[in-house]
Amino acid sequence: MIHSRNRRLRVNESIRSLVRENVLTTDDFVMPIFVMEGENMQEPIPSMPGIFRRSIDLTVKECKELFSLGVKAVNLYMKVSENLKDNTGKEAWNKNGLMQNTIKAIKDAVPGMVVMPDVALDPYSIYGHDGIIENGKILNDATNDALARMSVSHAEAGADLVAPSDMMDGRVQVIREALEESGFTDVGIVSYAAKYASSFYGPFRSALDSAPKDDMEVPKDKKTYQMDFHNSREALNEVFKDIEEGADVIMIKPGLPYLDIVSKVREAIDLPIAVYNVSGEYAMVKAAVQNGWLDNDKTIIENLTCFKRAGADMIFTYFAKEAAMILNK
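Everything quoted here is computed from the prediction, not taken from an experiment.

1. Quick notes on the pattern of salt bridges
Consideration 1: Tallied over the full model, the rule gives 20 salt bridges.
Consideration 2: In this structure, Lys-72 and Asp-27 form a salt bridge, with 2.6 Å as the shortest nitrogen-oxygen distance. Note that Lys-72 is positioned in the loop between helix H2 (56–69) and strand S4 (73–78) and Asp-27 in the loop between helix H1 (13–18) and strand S1 (29–35), a separation of 45 residues in sequence.
Consideration 3: The exposure class of Lys-72 is partly exposed, given its relative accessible area of 39%.
Consideration 4: The exposure class assigned to Asp-27 is exposed, which follows from its relative accessible area of 54%.

In structure tokens:
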């Protein structure tokens, strides 16, 4: 006779919900948003169905809708005009730049929205790299100084947290010190501590035209600063260093192919963990849905719940708005 039957707790949805270990809510989501110059402008991103580049006015409208759905945080990326790009990234800390004006507009219109601007030079670089280049090499410390200026300008515009995604060594400490010295002691840092050199970023780079340039005498990829996807112990080393330097939230990117890293980091630290459900992951699901191979709503919710199960506290995902609609329904 069988005395222990696991299926007793799966008999119906009410019982299953009572013993459910992880529950997905709209509070878990951060929506990445692409912003472009202009007014009343919206451009679809072909490789990311349902995702758009928008001008500031339409971005504000989108943020209002997101907030009404329960999505209370956005992560901002700029589509920078070619004439504003150079090797220093100086447009990144222009007080009247596209990023700074976007932050102000969102905070004015939706004060409760948590605004997390991306901190990296690749959208501003003529080379498409996250750092300043000299003699074909990415300069670590000079880039850190630029990232610090960028972060302070974001804080001045009203950012709640800054999100350095560059993977330069020591940049969290340089940014933290710059924020403290400028009086922004309450502005947090979401550190991309374990960001891998991944093939899953393609649609994102096409959205911002931020891929490394093939026709220039510069590195053709980002493998000298982003992590080698073969490694996992190295991720913990990166995480511990960023915590020591003053990170408030630890980011792991990409997401689904790196759930083992999320789980390993969760076991090692108590800080909040963010995970990035990146553009390639989004594009694969949408392609399969369009071909009738997957159920859209069920796949989205299962994917996002996996991040919670692995140990993430917040999920950066292009599915945020759609998932909020599904959960609210």
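2. Describing the pairing of strand S5 (residues 114–119)
Consideration 1: Within S5, five of the six residues are buried, leaving the element largely enclosed by the surrounding structure.
Consideration 2: Between the parallel pair S4 and S5, the chain is carried across by helix H3 (residues 98–109), and the sense of this crossover is right-handed.

3. Thoughts on the packing of aromatic side chains
Consideration 1: Per the stated rule, a full pass over the model turns up ten aromatic pairs.
Consideration 2: Here Tyr-282 and Tyr-318 contribute two aromatic rings whose centre-to-centre distance is 6.0 Å and whose plane-to-plane angle is 65°, an arrangement assigned as edge-to-face. Residue Tyr-282 is located in helix H9 (residues 279–290), and its partner Tyr-318 is located in the loop between strand S12 (314–317) and helix H11 (320–328); the two are separated by 36 residues in the primary sequence. This pair shows no difference in class: Tyr-282 is buried, exactly as Tyr-318 is.
Consideration 3: An aromatic cluster is defined as three or more aromatic residues linked by ring pairs; in this entry it consists of Phe-34, Tyr-77, Tyr-192, Phe-204, Tyr-276, Tyr-282, Phe-316, Tyr-318 and Phe-319.
Consideration 4: The cationic tip of Lys-253 hangs over the ring face of Phe-204; the distance from NZ or CZ to the ring centre is 5.4 Å.
Consideration 5: Its guanidinium or amino end placed over the ring of Tyr-276, Lys-253 lies 4.3 Å from that ring's centre, counting from NZ or CZ.

4. Looking at unusual backbone geometry
Consideration 1: With an omega of -5°, the peptide bond running from Lys-253 to Pro-254 counts as cis.
Consideration 2: As for its placement among the helices and strands, Pro-254 is situated in the loop between strand S10 (249–253) and helix H8 (259–268).
Consideration 3: Although it is not a glycine, Asn-40 sits at a positive phi angle of roughly 55°.
Consideration 4: As for its position among the elements, Asn-40 is in the loop between S1 and strand S2 (42–44).
Consideration 5: Residue Asn-40 is classed as exposed on the basis of its relative accessible area of 57%.
Consideration 6: Backbone geometry places Met-167, a non-glycine residue, at a positive phi of 75°.
Consideration 7: Along the polypeptide, Met-167 turns up in the loop between strand S8 (161–164) and helix H5 (171–181).

5. With respect to the side chain of Asp-166
Consideration 1: Summarising the element assignment, Asp-166 is placed in the loop between S8 and H5.
Consideration 2: Engagement of the side chain of Asp-166 in a polar contact is seen with the backbone nitrogen of Met-168, the distance being 2.7 Å.
Consideration 3: One polar contact links Asp-166 to Arg-171, side chain to side chain, over a distance of 3.1 Å.
Consideration 4: Other than its neighbours up to four places away in sequence, Asp-166 contacts Val-119, Asp-130, Leu-147, Arg-171 and Tyr-225.

6. Observations concerning the packing of H9 against helix H10 (residues 296–310)
Consideration 1: Two numbers describe how H9 lies on H10: the axes approach to 10 Å, and their chain directions differ by 155°. When the axis of H9 is compared with that of H10, the two are roughly antiparallel. Pair H9 / H10 crosses with right-handed handedness. When H9 is examined against H10, the residues Glu-281, Val-285, Lys-286 and Val-289 are found in contact with a partner set consisting of Asn-296, Thr-299, Asn-303 and Phe-307.
Consideration 2: Tallied by class, residues from the contact of H9 with H10 come to three nonpolar, three polar and two charged.

7. Description of the environment of Ile-301
Consideration 1: Among the secondary structure elements, Ile-301 is positioned in helix H10.
Consideration 2: Each C-alpha atom of the pair Ile-301 and Ile-326 lies 8.3 Å from the other, and the pair is 25 residues apart in sequence.
Consideration 3: Leaving out residues up to four positions away in the same chain, Ile-301 has contacts with Leu-24, Ala-323, Ile-326 and Leu-327.

8. Here's the deal with the nonpolar core
Consideration 1: Grouped together as the largest cluster of nonpolar side chains are 102 residues, with contacts concentrated most on Val-74, Leu-76, Leu-304 and Phe-316.
Consideration 2: With seven residues, the top contributor of residues to this core is helix H4 (residues 140–157).
Consideration 3: Apart from the residues within four sequence positions on either side, Phe-316 is in contact with Val-30, Asn-75, Met-116, Val-190, Tyr-192, Met-251, Ala-274, Val-275, Tyr-276 and Asn-277.

How each quantity is defined
Residues numbered from 1 in each chain as written. Predicted model: local features only at pLDDT ≥ 70, side-chain atom pairs only at ≥ 80, totals over all residues. Heavy atoms only, no water. Salt bridge = Lys/Arg side-chain N within 4 Å of Asp/Glu carboxyl O. Helix = DSSP H or I, 4+ residues; strand = E, 2+ residues; numbered from the N terminus. Buried < 20%, exposed > 50% of the residue type's maximum accessible area, 1.4 Å probe, protein only. Right-handed = clockwise from strand over helix to strand, strands pointing away. Phe/Tyr/Trp six-rings, centres within 6.5 Å; stacked < 30°, edge-to-face > 60°. Lys NZ or Arg CZ within 6 Å of the ring centre and 35° of its normal. Polar contact = N/O pair within 3.5 Å; in protein donor to acceptor, adjacent residues only side chain to side chain. Contact = heavy atoms within 4.5 Å. Axes fitted to C-alpha atoms, helices over the stretch in contact; angles between N-to-C directions. Parallel < 35°, antiparallel > 145°, perpendicular 65-115°, else oblique. Left-handed = near helix turned anticlockwise from the far one by under 90°. Nonpolar A, V, L, I, M, F, W, Y, C, P; charged D, E, K, R; others polar. Core = buried A, V, L, I, M, F, W, Y, C linked by side-chain atoms within 4.5 Å.

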